[in-house]
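# Structural overview for review
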Amino acid sequence: MKAYLIEKYGDASEVRAAEVPDPEPGAEEVLVRIHAASVNPLDFRIRDGAFKAFLPYRLPLVLGNDLAGEVVRTGPAVTRFAVGDHVYARPDKDRIGAFAELIAVHQDDLAPKPAALTMAEAASLPLVGLTAWQALVEKAQVRPGQKVLIHGGSGGVGTVALQLARHLGAHVATTASAANVPLVKDLGADVAIDYRTQDFGEVLHGYDLVLDTLGGESLEKSMSVLEPGGKLISIAGPPDADFARELGLNPVLRQGMEALSSGIRRHAERRGVTYAFLFMKADGAQLGEITRLVDDGVIRPVVDRAFPFERTREAMEYAEHGRTGAGKVVVTMV
């Protein structure tokens, strides 16, 4: 099959098309013919080698972290899916490879594709949808009436998180460019801060939760908008010891991760708030909940641009450097 892979860590020039063997599904795995996949910042960080210390991938490595497609074969122990089913997934972190014609995915990581969505729209959702769910529902347990700030409301995670936070009954603020203010308002933002002309740290106060998708200066400044007891959850900040434990890392790597986040955690403690790093995990059951929300009209995907599969490298470069729109970039098969 054709796939886009890296043979060594590096920049965009390391991504190339290649012929690789078709994957063989295990006993509890499903072989999916991929109809569409989407591009995520995680793809660039894996390509660059940012996670190689704790995600030791074997090279060459096929990239791509979420997909939609059709089941073409099932392992003998698969009970939840059958040949012909339309599915979507964020494969487990150890079994990525969505920039390819086929992929073997554990049945626990799959969910039925939302009926109303095209394959391209469905492929845009798994990673960002699960990130939003695990931040707002699982970690923060957002309740009606709480105040939530979501950074980057027009981005992949932000567009879903805004809709989910509104569904959970929160008062929602977000940061976005002026051009994307109408979109984020439509998706659920009660307050939209133009990050080019406004300082969210001066405008917002008394928030219960900040979901940080940006890192950098916004991470530290986000603490100023939280009330005592508030939570700062970041997908772009330094990893913490809880994340190291979830991965089952050895004590040396755990201490290293704890050191990376020590400054931000001390700052949080001084302000009476908590900091947590989120690295989303594959979860077919949670993705099934997202399917129901999509089918009920609660969540809709936002797709910026679609590229054909043979232009996957261009799609990655556009998503990493050249984007001007909102939502996700997807690649589609014939």
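Now for a look at the structure at hand. If you're wondering where the values come from, they're calculated on a predicted model, not measured in any experiment. (Residues numbered from 1 in each chain as written. Predicted model: local features only at pLDDT ≥ 70, side-chain atom pairs only at ≥ 80, totals over all residues. Heavy atoms only, no water.)

With that settled, consider the overall build of the protein. Scanning the protein from terminus to terminus reveals 12 helices and 16 strands. For 334 residues, the compact-globule formula gives about 20 Å, and the C-alpha radius of gyration of the protein, at 19 Å, lands near that figure. For the protein, the residues scored as buried account for 55% of the 334 residues in total. Counting contacts in the protein only where the partners sit at least 6 residues apart, residues at least 24 apart contribute 69% of the total. Put simply, the protein shows about 14000 Å² of open surface, and 50% of that area lies on carbon and sulfur atoms. Distance between charge centres in the protein, computed from 36 positive and 44 negative side chains, equals 3 Å. (Helix = DSSP H or I, 4+ residues; strand = E, 2+ residues; numbered from the N terminus. Rg over C-alpha atoms; globule rule 2.2 N^0.38 Å. Buried < 20%, exposed > 50% of the residue type's maximum accessible area, 1.4 Å probe, protein only. Contact = heavy atoms within 4.5 Å. Areas by Shrake-Rupley, 256 points an atom, 1.4 Å probe, with all protein chains shown as cover. Lys, Arg positive; Asp, Glu negative; His and termini not counted. Charge placed at Lys NZ, Arg CZ, Asp CG, Glu CD.)

Moving on, we get to the pairing of strand 3 (residues 29–39). Across the 11 residues of strand 3, 9 count as buried, placing the element largely inside the fold. In the sheet, strand 3 pairs with strand 7 (residues 102–106) via 5 bridges, with the strands oriented antiparallel. The residue of strand 7 that forms the bridge with Val 30 is Val 105. Bridge analysis of strand 3 against strand 5 (residues 67–74) gives 7 bridges, and the strand direction is antiparallel. Across the sheet, residue Ala 37 finds its bridge partner in strand 5, namely Leu 67. Pairing between strand 3 and strand 16 (residues 328–332): 4 bridges, direction antiparallel. Note that in strand 16 the partner of Ser 38 across the bridge is Val 330. (Pairing = 2+ DSSP bridges.)

Here we take up the side chain of Ser 177. If you trace the backbone, Ser 177 turns up in the loop between strand 10 (171–176) and helix 5 (181–187). If sequence neighbours within four positions are ignored, Ser 177 has contacts with Asp 194, Tyr 195 and Arg 196.

Here we come to the sheet that holds strand 11 (residues 191–194). With parallel pairing, the 6 strands of this open sheet are ordered in space as 11-10-9-12-13-14. What marks the edges here is a single partner per strand, and that holds for strand 11 and strand 14 (274–277). The average angle at which neighbouring strand axes cross in this sheet is 15 degrees, direction not considered. Examined bridge by bridge, strand 9 (residues 147–150) and strand 10 share 4 bridges and lie parallel to one another. Paired with Val 148 across the strands is Val 172, a residue of strand 10. Where helix 3 (residues 126–139) meets the sheet, it contacts strand 9, strand 12 (207–212), strand 13 (226–234) and strand 14, and its direction lies at approximately 145 degrees from that of strand 13. (Axes fitted to C-alpha atoms, helices over the stretch in contact; angles between N-to-C directions.)

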